[in-house]
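Here is how the chains run, residue by residue.
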Amino acid sequence: MISEEGIAKEEGATVVRIIGSVNAPIAGATDHFILKDDGKYSFHTNGDVLLGTMSFQMTVDEFDISWFKLVPSAEYNPTSGIKISVTTTKRYEAQSTFRFTDDIASKEASLSNLVVSHGKQDEANPDNSTYQEYPLTPTFDKDTLQYEIKLLEYIDDMDITATTLDGKATLKIKVPKRDETGELVYQEDGATIEYEEKEMQDKTQFNITLNKLGEPDTILTIISTAEDGKTIKEYQVTIKRPYATLKGRAILADFDDESVVSNIFDIYGVQVNNRVQINFYEAGLADWETITDIYHLQTPDPFTYEKLEKIPKETAAISKDDGTYEIYVIPKKYDIQVMRLGYLDYIYSDVELSEGDVIEMGSVKLPAGDANRDSLITQEDMNEIKSKMDMNKDDPEFSEACNPSQVGYILQEDLNYARKGQDKMINIVYFKK
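Calculation criteria
- Each chain has its residues counted from 1, following the order in which its sequence is written.
- The predicted origin of the model limits local features to residues at a pLDDT of at least 70 and limits the giving and counting of side-chain atom pairs to 80 or more, whereas totals for whole chains, interfaces and linings rest on all residues.
- Excluding hydrogens and water, the side-chain figures rest on all heavy atoms present in the structure.
- pLDDT gives the predictor's per-residue confidence on a scale running from 0 to 100.
- Throughout, a contact is declared for two residues whenever any of their heavy atoms are within 4.5 Å.
- Put simply, buried Ala, Val, Leu, Ile, Met, Phe, Trp, Tyr and Cys residues joined by side-chain atoms within 4.5 Å make one nonpolar core.
- The rule is simple: take the accessible area with a 1.4 Å probe, protein chains only, and divide by the maximum for that residue type; under 20% is buried, over 50% is exposed, in between is partly exposed.
- Secondary structure elements are defined from DSSP: runs of H or I of at least 4 residues count as helices, runs of E of at least 2 residues count as strands, and each element is numbered from the N terminus.
- Residues are said to line a cavity or pocket when one of their atoms sits within 4 Å of a point; the points come from a 1 Å grid over protein atoms alone, cavities being sets where a 1.4 Å probe fits but cannot get out and pockets being open sets with protein on both sides within 12 Å along at least five of seven lines.
- Grid points are joined across faces, edges and corners, and a volume is the space filled by probe spheres set on the points.
- Think of a salt bridge as a Lys or Arg side-chain nitrogen and an Asp or Glu carboxyl oxygen that are within 4 Å of each other.
- Side-chain rings of Phe, Tyr and Trp, where Trp is taken by its six-membered ring, are said to pair if the distance between their centres is within 6.5 Å; with planes under 30 degrees apart they count as stacked, over 60 as edge-to-face, and otherwise as tilted.
- A ring is considered to have a charge above it if a Lys NZ or an Arg CZ atom is located within 6 Å of its centre and within 35 degrees of its normal.

1. Topic: the confidence of the model for the protein chain
Parts of the model with low pLDDT should not have their predicted coordinates read in detail.
Move 1: In the predicted model, the protein chain carries a mean pLDDT of 85, and 77% of its residues have values of at least 70.
Move 2: Long-range and interchain partners of residues 1-10, a stretch whose pLDDT sits below 50, account for 18 contacts in this model, where long-range means more than four residues apart.
Move 3: Low pLDDT (under 50) marks residues 88-102, which in the prediction has 31 contacts with non-local residues, meaning those over four places away or in another chain.

Here's what the structure looks like:
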């Protein structure tokens, strides 16, 4: 803007003092700044640097360039010059302020923030939000390049959001490479994970797939390149997933007997298996001791499978066809249910696991015949199987729980299995390491 005090007459000439608001270049982000011994920066250049433009109209016909000078003050002593181009008075712009800018590309590649999160925000209904941020170790600082997160949750993916300090830097992220099925891609040695770079947008969530429990740590590298294209900073986040390992085997009825398996195949053309499901619940949520009291003989309100269905599983896994399993789980205390429809459960209660544990659960056998899924094998199960006799798997009323023989239709052999297990109940053990 032009100050009235800045207009005066000196021997017939008009002197104009201009006062402008200046957005000075950032010290450290340009080659023109030099740190002096007194701790202050000075601005230097050997060539032309455009810091700003200004146009105005004079009230005199002749324009004397000598009127314009850089005047030193008590604190600053400008050493650069002013270049004035006199062309036409038609370029006048009625501006009261103008802004100085540095045309040299920024060297700032730092991030101002880095956030790792999971879930979605619901601004309309905050109670429905699942969004959660995970603290970095150490706490984020633009000059700290290495971070860790210790993840103790059963989630498959996370979001990472990077924010550049000056907004001019470009971002890429280096992530573990995966094949078409989503599995990790390893180098020829079979142990070293391959990585690939992907484009990443400033202040925008980038979704990454986490390595599974039991696999190597998920390592993410955020590559920030300054506007000058040369200055680069790489921030690395390592997501660690502590785990324990459980091994064991479950056998269904007589299907560990090769002669029984071969006989079923020869007669029905079906290859039976010992495949089971292993469910993990937080210890103490299920009252396994009263789940067998279905007649309310001792407990007014016994625990039931209907109540169990309302308890969320921490995680679950399926065994191999021979019933063996090796499962990686987050260290904590669990109740572990080994189950398959038509058979009685085997429960390991209060199994406490620590990071690095490798626990052998042993081999267990699940009796066949719990057709009505109530934790006991009784006459009611026999009646349930009889009611569905001769139904095949295409029948809408077919029940897998009534077909422990696995042949695909309900026959006398299923009833025989139930009679063999009559009066048995689920097995509950308190497992000790």
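Right, picking up where we left off after that structure.
2. Considering the nonpolar core
Among soluble globular proteins, nonpolar side chains are generally buried collectively.
Move 1: One finds Ile336 and Tyr348 to be the most contacted residues of the largest nonpolar core, which totals 36 residues.
Move 2: Counting only elements with at least two residues in this core, the list comes to strand E14 (244-252), helix H1 (258-268), strand E15 (277-282), strand E17 (324-329), strand E18 (333-339), strand E20 (346-352) and strand E21 (358-366).
Move 3: Sequence-distant contacts of tyrosine 348, that is, excluding residues within four places in its chain, are made with Tyr325, Tyr334, Asp335, Ile336, Val338, Met361, Val364, Val429 and Phe431.
Move 4: Within the second largest apolar cluster, 25 residues are counted, among which are Leu111, Leu220, Tyr235 and Val237.

3. Description of the layout of surface pockets
Move 1: Its boundaries defined by the atoms lining it, the second largest pocket holds a volume of some 430 Å³.
Move 2: If you trace the second largest pocket, you find 20 residues lining it, with Asp156, Lys212, Leu213, Arg241 and Thr315 closest to the centre.
Move 3: Counting only elements with at least two residues in the lining of the second largest pocket, the list comes to strand E16 (315-318) and E17.

4. Examining the pattern of salt bridges
Move 1: Enumeration over the complete set of coordinates arrives at 14 salt bridges.
Move 2: The residue aspartate 321 makes a salt bridge to arginine 275 at a minimum N-O spacing of 2.7 Å. Of this pair, aspartate 321 sits in the loop between E16 and E17 while arginine 275 sits in the loop between H1 and E15, and the two are 46 residues apart along the sequence.
Move 3: Classification of aspartate 321 as partly exposed rests on a relative accessible area of 46%.
Move 4: Linked by salt bridges that have partners in common, Lys142, Asp143 and Lys233 make up one network.

5. Comments concerning the packing of aromatic side chains
Move 1: What the rule picks out here adds up to ten aromatic pairs.
Move 2: For the pair phenylalanine 140 and tyrosine 235, a centre-to-centre distance of 6.0 Å together with 35 degrees between the ring planes defines the contact as tilted. Of this pair, phenylalanine 140 sits in the loop between strand E6 (132-133) and strand E7 (146-150) while tyrosine 235 sits in strand E13 (residues 232-240), and the two are 95 residues apart along the sequence. Taken as a pair, phenylalanine 140 and tyrosine 235 share a single burial class, namely buried.
Move 3: Ring geometry for phenylalanine 255 and tyrosine 417: centres 5.9 Å apart, planes at 75 degrees, overall edge-to-face. One end of the pair, phenylalanine 255, is in the loop between E14 and H1; the other, tyrosine 417, is in helix H4 (residues 412-420), with 162 residues separating them in the sequence. Across this residue pair, the class does not change: phenylalanine 255 and tyrosine 417 are buried.
Move 4: Pairwise contacts between aromatic rings join Phe140, Tyr147 and Tyr235 into one cluster.
Move 5: For arginine 373, the ring lying beneath its charged end belongs to tyrosine 305, and the centroid distance is 4.0 Å.

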